Amino acid sequence: MPDRDDLRPGGGNNGSGATEDEAAHRILELRSAITRAEYLYYVEDAPELQDDVYDALLRELQQLEAKHPNLVTPDSPTRRVGGAPREGFVKVAHLSPMLSLDNVFSEEELRAFWARSLREAEGHLWRDGLRGFACELKIDGLAVSLLYEDGLFVRGATRGDGLVGEDVTANLRTLRGLPLALRKTVPGRLEVRGEVYMRREDFAALNEEREEREEPLFANPRNAAAGALRQLDPAVTASRKLRFFAYFVPDAIQRGLAGQIETLEWLRDLGFPVQDSSRRVESLDQVCAFIAHWKEARFSLPYVTDGVVIKADDLRLWDVLGRTAKAPRWAVAFKYPAEEKRTLLREIVVSVGRTGTLTPVAILEPVHLAGTVVQRASLHNQDEVARKDVRVGDYVWVRKAGEIIPEIVRVDRDARKDDPPPFLLPRTCPVCGSPVVTLPDEVALRCPNRSCPAQIKEGLRHFASRSGMDIRGLGEKLVDQLVERNLVRNLADLYDLRTEDLAGLERMGETSARKLVAAIEASRRRPPARLLAALGIRHVGSRTAELIVERFRGMEALLTATEEELAAVDGVGPRIAASVRAFVEDPENRIMLRRLREKGVAWEMEAASSPEEDADFPMERPFLGMRIVFTGDLERATRGEVEELVKRLGGVPTSSVSAKTSFVVVGRNPGSKFQKATALGCRIVSEEEFWQMIKPFRNDDFPFAASPAPEVEDVSGLPE
Ligand code: IVH
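What you see is a predicted model, and the numbers here were worked out from it, not measured in a lab.

1. Quick word on the site of the ligand
Right, so step 1: Surveying the vicinity of the ligand reveals 13 residues, the closest of which are Glu136, Ile139, Glu195, Tyr247 and Lys311.
Right, so step 2: In this structure, an oxygen atom belonging to the ligand sits 3.2 Å away from a side-chain N or O atom of Lys138.
Right, so step 3: In this structure, an oxygen atom belonging to the ligand sits 3.4 Å away from a side-chain N or O atom of Tyr247.
Right, so step 4: Within the complex, 91% of the 530 Å² of free accessible area of the ligand lies under protein.
Right, so step 5: Counting only elements with at least two residues in the shell around the ligand, the list comes to β3 (133-139) and β10 (305-312).
Right, so step 6: If one sorts the elements of the shell around the ligand by residue count, β3 sits on top with 4 residues.

2. Details of the sheet that holds strand β5 (residues 152-158)
Paired through backbone hydrogen bonds, the strands of a sheet run either parallel or antiparallel to each other.
Right, so step 1: The strand order across the open sheet built from 4 strands is β5-β4-β7-β8, with neighbouring strands paired in antiparallel fashion. Each end of this open sheet is capped by a strand with a single partner; those strands are β5 and β8 (242-248). Across the sheet, the mean angle from the axis of one strand to that of its neighbour is 35°, orientation sign disregarded.
Right, so step 2: Two elements, strand β4 (residues 142-149) and β5, share 6 bridges in a ladder whose sense is antiparallel. Opposite Ser145, over in β5, you have Ala157 as the bridge partner.

3. Points about the pattern of salt bridges
Right, so step 1: Under the definition given, this model contains 52 salt bridges.
Right, so step 2: One salt bridge connects Asp389 with Arg391, and the closest N-O pair in it is separated by 2.9 Å.
Right, so step 3: Note on Arg391: relative accessible area 12%, which makes it buried.
Right, so step 4: Between Arg461 and Glu458 there is a salt bridge whose closest N-O contact spans 2.9 Å. Highlighted residues: Arg461 and Glu458, both in helix α12 (residues 453-464), separated by 3 residues, approximately one helical turn.
Right, so step 5: Given a relative accessible area of 17%, Arg461 falls into the buried group.

4. Here we look at the environment of Leu680
Right, so step 1: As for its position among the elements, Leu680 is in helix α23 (residues 672-680).
Right, so step 2: Residue Leu680 is classed as partly exposed on the basis of its relative accessible area of 45%.
Right, so step 3: The spatial distance from the C-alpha of Leu680 to the C-alpha of Ala659 is 6.8 Å, given a sequence separation of 21 residues.
Right, so step 4: Every residue in contact with Leu680, bar those within four places of it in the chain, is listed here: Val657, Ser658 and Ala659.

Calculation criteria
Residues numbered from 1 in each chain as written. Predicted model: local features only at pLDDT ≥ 70, side-chain atom pairs only at ≥ 80, totals over all residues. Heavy atoms only, no water. Near = heavy atom within 4 Å. Polar contact = N/O pair within 3.5 Å; in protein donor to acceptor, adjacent residues only side chain to side chain. Areas by Shrake-Rupley, 256 points an atom, 1.4 Å probe, with all protein chains shown as cover. Helix = DSSP H or I, 4+ residues; strand = E, 2+ residues; numbered from the N terminus. Pairing = 2+ DSSP bridges. Axes fitted to C-alpha atoms, helices over the stretch in contact; angles between N-to-C directions. Salt bridge = Lys/Arg side-chain N within 4 Å of Asp/Glu carboxyl O. Buried < 20%, exposed > 50% of the residue type's maximum accessible area, 1.4 Å probe, protein only. Contact = heavy atoms within 4.5 Å.

Everything listed is a geometric property; what it means functionally is a separate question.
This is the structure in C-alpha cells:
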C-alpha cells in the first residue's frame, strides 16, 4: 500500500514537471489505491473511499497516463472505460459448453432429481461418503465466461447458445467488480464463469431515467443487464452499473480444488465477488432448510434471486454424474414460485405527475407480496385499464414484475357480482379542475395547467430528490404544506424560504427549520448537470443532463443554444432538443431560471464545486483513508452529524475498534469500545481535540458544532 497521506487527489508530484520516474511511481500508487477501493467496494462490500475521492484518484490516473502513454498497462483501472463503439459483436466458441440447469419446483422434485443422480454414482461413492451439497442463490442475471492469461483479464463472452457466444470483453471491462488483474497470479489460462446482474436500486434508477425519456421500461433487472451488456458502446455499459458474481471454474478439479464451496473461496481470494450466502450442507433436509430460509430472506438482498442452485459439493462427483445435452446432472435449480396474490381493488385514483400526465392507480386491500406490503399498482393509462377490464370492487390477481414492480395480472371475473361501470379517466384534472388535453402522438391525458398544485408538488419533489439537488429533509408532507400555504410557487421560491417561514409548519421545530434552510442553501452548490436534471424538463434525465452540460459547459450557453445545436450533442436527439428548447423559451421558466442564478445556484461547470469542495470544507481531506470510531456521548453534535463530517473530510466512520482504526474519539460515558481501543493501543482523542483537529477545515457558521466551546474534556482522566 502506498502511504495513505499521499493518496489525497493530486497528492503526488504529478505536475507537468514530474519526471518519468516520479510519474511511474505515482501511477503505481494510484492503481494500487483504486484497485483496492474497487475490491473493498465490490468484493468485500466494505467501501473505504468515498465515491468522489475514488473519482478524483481515477481522474488523476487518467491524466497521468494520458501524459505518459508508455506507462499504460492493460490491467490499469483506467482501461475499464473508453474504447470506441463497435460495429457488432464477434462470435467466440466456448472452450467447453456453457450449460444451463434443470429446474425443479418442489421439494419432491428436488429429492427425485438427486435420487436419480446419486443412484448412478453409487458405485463411485468413496469411503468418506458424499461431501454434501453446495447451496447457492440463483441470481437473476446472465451467464458470462471470463478468460485470464497469467492473471490478466483477456476475454469475456456471453453464453449465447451455450456453444458460441459473443465477445463482450470491452463491456465487461467496465464492471468495476470484475478483476482486471487477479490478486494472486495464476499462471497460464484460467476460465471463470459467473453471472452479470444489476442491483434493484440501479435497475429502478435506470427505469426512472427511461421513463423520463419516455423510452420503454425494462421488465426486470435481468433484461436490463442483458441490454446493458450488449451495448455496442462500452461507455453506455459503464453507465449502467452492472455487477458480477463468480460461481464456476470448469477445470477446478485439475487445479487441486476438492469442492464447490472451496472453489468459491479460492475465487474470492483471487479477487472475484462471490455470494456470501453460499453454504455447504450435509443432507437434502439441510438443503430444504436453506431453501425455506431464503424464500423470504432473499427479498432483503440488494439484487433479485429467483431460486437456489444445489450442486454436489464433491468435484469428483461432477465427472461421475456427467451431463445431459443441456444441463449437468450434478446440479439443479430450485425455482421459487412467482408469487401471485388475490386482493380487493378498493378504488382507482388518478395521480397527476410532474408533467401533468394523468395516471390511473389501483388502490388495493394491502397484501404481502415478495417481501413487501403492496397497496398500490399503476394501471398506466386508459388503454391498459380497458385491456384488463379492471373495475372498482373487483378481486384482482397481483404480482411483482421482475419481483420489483407491483402490477395487476388479471381480474377474477367469477368474483364480480354486480356490474360495476367501466372506469374512465376524468375529462378534467382531479387536482385543479382544468380540462385535460391529449398531446399529438400520445395516449396519455394531460393537465395543461402548469400552476396545477399537483404539478408543482411533483416538480418540487423531483427537484429535491437525491439524484436532483438532494435537499435532505424536504419530504412529501413538507412539500404539500409549502405548496398549499402558497409559500412556494416555483422552484426558485425555495431559495427565499427563511427559518421563520418554516418554523410554523406542522411537525417543524425551530431546529429542523434551521437545518432545512441550511440544506437548501447547500444545494446551491450542486453541479449544473444536477440542476439541469432537477428542473424536470421532459425527456431530460441525469445522463442526458450530463451530456448537455458537458457540451455547453454550463447553463448560460444552454439558454441560447438553438434546437439544432442541442440535437447535435451526442446522445441528444431532436425530441430531447425540442423539449429543452421549449422549456428555456418559456417566459415563466426564463424568469425562474434567472432567479435561480441570482440566488447563487451553481451555473457554469467551472464555478461548480465537486462534492468534496464544499464551501464549508474546501478540497482538503485531512482524514483521507482513515477509519474513525466514536464512543460515548458527544457534547456538540449528534453521532450522525460527526459521522457526516468525517466522511466529508475523507474519512470512514466505523462502528467497531480494530487494528485498522486510525483513532477513537471518546465522549462522556464511553462504552466498551474505549476499553478495546486502549487495549489495542489505538490513538485516543477527546471530543474537544477532535473539534480542534477539524477547525482549519470548517467555517464557523457551519450549522452544527457552532455552539460555544465546552469545557475541555481531558480523556487522560478517564478510567483505563
Ligand atoms: S451454475 C454448469 N450457479 O442460471 C453450471 N448458475 O438456469 C451452470 N445462475 O445459465 C451454472 N445463479 O446463468 C449457477 N449460483 C449459480 C447461478 C447460476 C444464476 C444462472 C446461470 C445459468 C442459469 C441456468
